[in-house]
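Topology and contacts: notes
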Amino acid sequence: QPSLPNVYCGTYFNGKFYGVDSEGKLFSAQGDSYTRTEIAQVVAETDKWNAAEMTYDYTTGTTFLLLSSRDSNDPQRQLHRLNLDTGDTEYVGTITKANQLRTLACDPDGQLYGIDGSGVLFRVDKQTGVNYLFVNSGYAGGMSVLLGADGKPVITPVPNSYPDD
């Protein structure tokens with residue numbers, strides 16, 4: 001394919017990768033190729049919002065999409081439900097400046113989690129978007145929620161010091 005817009009976020013479900021690109025378009029791609037099939041425009045105001053993260057909840061068949069404001073003076077996030085077949089979105093709630101989630105993941109029981117830019121892990125209410133502190137890791141690097149074999153978040157202590165190289 002010709003040069004394509006950057007992928008801003010994505011999730012894998014039922015043998016397909018679903019993503020939202022820098023132009024706010026939802027697309028799918030078969031798991032064994034990367035040929036994109038455009039589904040719909042899901043971010044209307046790409047000058048104001050960009051798709052930041054998405055995850056699939058197997059307990060309800062729901063995809064959650066996290067939008068990030070491009071306004072550095074008002075850095076809010078919005079949580080939406082996303083229909084992967086049509087691209088229709090349903091607003092769930094606004095996530096406050098204090099809890100700027102960067103990642104999302106759903107465990108096998110349907111609990112939604114997110115990590116903010118300071119490394120704090122939150123439980124996220126799927127009906128309102130409200131965040132509840134789960135654990136403060138103390139690490140503020142690029143990360144994603146890691147779910148163990150039991151489907152629960154893996155919490156590891158952050159060392160206070162590192163051995164010499």
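Located above this text is the structure these notes cover.
Attention in this report is confined to the structure presented alongside it. Small disclaimer: the values here were computed from a predicted structure and weren't measured. (Residues numbered from 1 in each chain as written. Predicted model: local features only at pLDDT ≥ 70, side-chain atom pairs only at ≥ 80, totals over all residues. Heavy atoms only, no water.)

Remarks on the packing of aromatic side chains
Just so we agree on the cut-off: Ring pairs are drawn from Phe, Tyr and Trp, using the six-membered ring of Trp, whenever the two centres fall within 6.5 Å, and their geometry is named by plane angle: stacked under 30 degrees, edge-to-face over 60, tilted for the rest. A run of H or I in DSSP becomes a helix once it reaches four residues, and a run of E becomes a strand once it reaches two; helices and strands are each numbered from the N terminus. When accessible area is computed with a 1.4 Å probe and restricted to protein chains, residues below 20% of their type maximum are described as buried, those above 50% as exposed, and intermediate ones as partly exposed. The criterion is that NZ of a Lys, or CZ of an Arg, lies within 6 Å of the ring centre and within 35 degrees of the ring normal, and then a charge sits over that ring.
Scanning the entire structure with this criterion turns up four aromatic pairs. Each ring, one from F17 and one from F27, has its centre 6.1 Å from the other, and the planes form 45°; the classification is tilted. One end of the pair, F17, is in strand β2 (residues 16-21); the other, F27, is in strand β3 (residues 25-30), with ten residues separating them in the sequence. Aromatic pair Y56 and Y58: ring centres 4.8 Å apart, planes at 80°, arrangement edge-to-face. Using a relative accessible area of 10% as the deciding quantity, one classes Y56 as buried. Here a set of aromatic residues connected by ring pairs shows up, and it is made of F13, Y56 and Y58. Positioned above the aromatic ring of F27, the side-chain terminus of R36 is 4.4 Å from the ring centre.

A short note on the environment of E90
Test applied: It only takes one pair of heavy atoms within 4.5 Å for two residues to be counted as in contact.
Checked against the element boundaries, E90 lands in strand β8 (residues 89-95). The class for E90 is partly exposed, based on a relative accessible area of 45%. Considered as a pair, E90 and H80 are ten residues apart in the sequence and their alpha carbons are 5.3 Å apart. Beyond its immediate stretch of four places on either side in the chain, E90 contacts L79, H80 and R81.

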